[in-house]
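Overview (structure and organization)
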Amino acid sequence: MAATATEQQPTNNNDQKGEGEQQKGKSDDKCMGNRRFRTLALSALLFAFGVFALGHIFTNVVDYAKTLKDGSPDGTKHLPGLVHGANFIAAGLIFCLIFLCVQMALLFIPSCNPSTNGRARIPGIGNLIGGGLYLFGWIYYISKSKELSGYDALTDEGKSNLDAIWLAQFGEALLFA
């Protein structure tokens, strides 16, 4: 006698659970840990890095670029570009910090679980835009610094020293962006 559809028994434990329920101790996206906790930890880490970087950006990069621009003769064409690059860096960092705060706040609202609600991932788009601004700002700042330094007239040792400084700055930009 053939079994009917109502008499069939489930073959594994996943069939017995409802669609919205998860097994205890299992991941929600097949990665280690919980997505909410990972997102919160990464957001907090990036926020802390951004806060510490903000002091460096405003005291060293933005103020240095504005001081050079204010003390330069009117004919210097690269200095406004240096200020624009510093402003892109600061704007991208502030944009990221705002969206990191929004993202961390949303993670404490149960209906905004990023595993079940796609709208809870919207602050990530803001973080991508801010990271892009931050990275573009550093690229622009470094390229204008290279034009301003008279790079072609330097010795090989001077060129390697400036390349190391700019490479370190770009590495820091990649770390956050």
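Before reading further, recall that the structure is shown in the block above.
All figures in this text were calculated on a predicted structure; none of them were measured in a lab. The residue numbering used here restarts from 1 in each chain and proceeds along that chain's sequence as written. Local features in a predicted model are, by the rule used here, given only for residues with pLDDT of at least 70; side-chain atom pairs are given and counted only at 80 or more, and totals for whole chains, interfaces and linings are based on all residues. For side-chain calculations, the full set of non-hydrogen atoms in the structure is used, while hydrogens and water are omitted.

Helix and strand counts for the protein chain come out as five helices and zero strands. Put simply, DSSP marks the helices as runs of H or I at least four residues long and the strands as runs of E at least two long, and each gets a number from the N terminus on. Start at the N end of the protein chain and walk to the C end: the helices and strands fall as α-α-α-α-α. Think of it in three bands: residues with accessible area under 20% of the maximum for their type are buried, residues over 50% are exposed, and the middle band is partly exposed, with areas taken using a 1.4 Å probe on protein chains only. In the protein chain, buried positions account for 27% of the 177 residues. Of all intrachain contacts in the protein chain linking residues separated by at least 6 positions in sequence, the fraction that spans at least 24 positions is 72%. For this analysis, residues touch if any pair of their heavy atoms sits within 4.5 Å.

This brings us to the pattern of salt bridges. The salt bridge definition used is simple: a Lys or Arg side-chain nitrogen within 4 Å of an Asp or Glu carboxyl oxygen. The tally for this structure, following the rule as stated, stands at one salt bridge. Of the charged contacts in the structure, one is a salt bridge between glutamate 147 and lysine 144, with a shortest N-O distance of 3.5 Å. Here the residue glutamate 147 and the residue lysine 144 both occupy positions in helix α4 (residues 122–148), the gap between them amounting to three residues, near one helical turn. A relative accessible area of 41% places glutamate 147 in the partly exposed class.

By definition here, a helix of n residues has an expected span of 1.5 Å times n minus one. Taking 1.5 Å per residue, 21 residues should reach 30 Å; helix α5 (residues 156–176) reaches 30 Å between its end C-alpha atoms and fits that length. Here α5 has its buried residues at Trp166, Ala173 and Phe176. Seen end-on, α5 carries its buried residues on one side only, within an arc spanning 70°. In α5, the exposed positions angled more than 90 degrees off the buried face are occupied by Asp156, Glu157, Leu167 and Leu175. Regarding the arc, it is the one traced by the directions from the helix axis to the C-beta atoms.

Below, the discussion takes up the side chain of glutamine 103. Tracing the backbone shows glutamine 103 in helix α3 (residues 79–106). Classification of glutamine 103 as buried rests on a relative accessible area of 13%. Not counting residues within four places of it along the chain, the set of residues in contact with glutamine 103 comprises Thr39, Ser43, Pro123 and Asn127.

As a further point, take a nonpolar patch on the surface. Each patch is built from residues lacking any salt bridge and having more than 30% relative accessible area; the joining distance is 9 Å for like charges and 5 Å for nonpolar side chains (Val, Leu, Ile, Met, Phe, Trp, Tyr). The protein chains shown are the only cover counted for residues, whose accessible areas, like all others here, come from Shrake-Rupley with a 1.4 Å probe. Together, Phe58, Ile94, Ile98 and Val102 give the surface a local cluster of nonpolar side chains, amounting to about 320 Å² of exposed area. Here the nonpolar patch takes three residues from α3, the largest share from any one element. Mapping isoleucine 98 onto the fold places it in helix α3.

The next thing to look at is the nonpolar core. In this structure, Ile57, Val61, Ile89, Tyr134, Trp138 and Tyr141 are the most contacted members of the largest nonpolar core, which totals 20 residues. Of all the secondary-structure elements, those providing two or more residues to this core are α2 (35–70), α3, α4 and α5. Here the nonpolar core consists of buried residues drawn from Ala, Val, Leu, Ile, Met, Phe, Trp, Tyr and Cys, with membership extended through side-chain atoms lying within 4.5 Å.

Here we come to the packing of aromatic side chains. Centre distance within 6.5 Å is the pairing criterion for rings of Phe, Tyr and Trp, where only the six-membered ring of Trp is used; planes under 30 degrees apart are then read as stacked, over 60 as edge-to-face, and the remainder as tilted. This structure, assessed with the given rule, holds four aromatic pairs. Centroid distance phenylalanine 88 to phenylalanine 136: 5.0 Å. Interplanar angle 85°. Geometry classified as edge-to-face. Here phenylalanine 136 lies in helix α4 and phenylalanine 88 lies in helix α3, a separation of 48 residues in the sequence. Phenylalanine 88 sits in the partly exposed class, given a relative accessible area of 30%. Consider the rings of tryptophan 138 and tyrosine 141, whose centres lie 5.8 Å apart with planes at 85°: the pair is edge-to-face.

What follows concerns α4. In this model, α4 (27 residues) spans 39 Å end to end at C-alpha, consistent with the 39 Å of a helix rising 1.5 Å per residue. Phi for glycine 150, located one or two positions after α4, is positive at around 65°.

This paragraph deals with the packing of α4 against α5. Interaxial distance between α4 and α5 falls to 9 Å at its minimum, and their mutual angle equals 170°. In terms of their interaxial angle, α4 and α5 are classed as roughly antiparallel. Residue-level inspection shows Tyr134, Leu135, Trp138, Ile139, Ile142, Ser145 and Lys146 of α4 in contact with α5, the latter providing Trp166, Gln169, Phe170, Glu172, Ala173, Leu174 and Phe176. In terms of residue class, the contact of α4 with α5 is built from ten nonpolar, two polar and two charged. Only the stretch in contact is used when a helix axis is fitted, and all axes are lines through C-alpha atoms; the angle between N-to-C directions ranges over 0 to 180 degrees. Oblique is the label for any angle not under 35 degrees, not over 145, and not in the 65 to 115 range, which are roughly parallel, roughly antiparallel and roughly perpendicular in turn. Nonpolar residues are Ala, Val, Leu, Ile, Met, Phe, Trp, Tyr, Cys and Pro. Charged residues are Asp, Glu, Lys and Arg, and all others, Gly as well, are polar.

Don't take any of this as a statement about function, it's just geometry.
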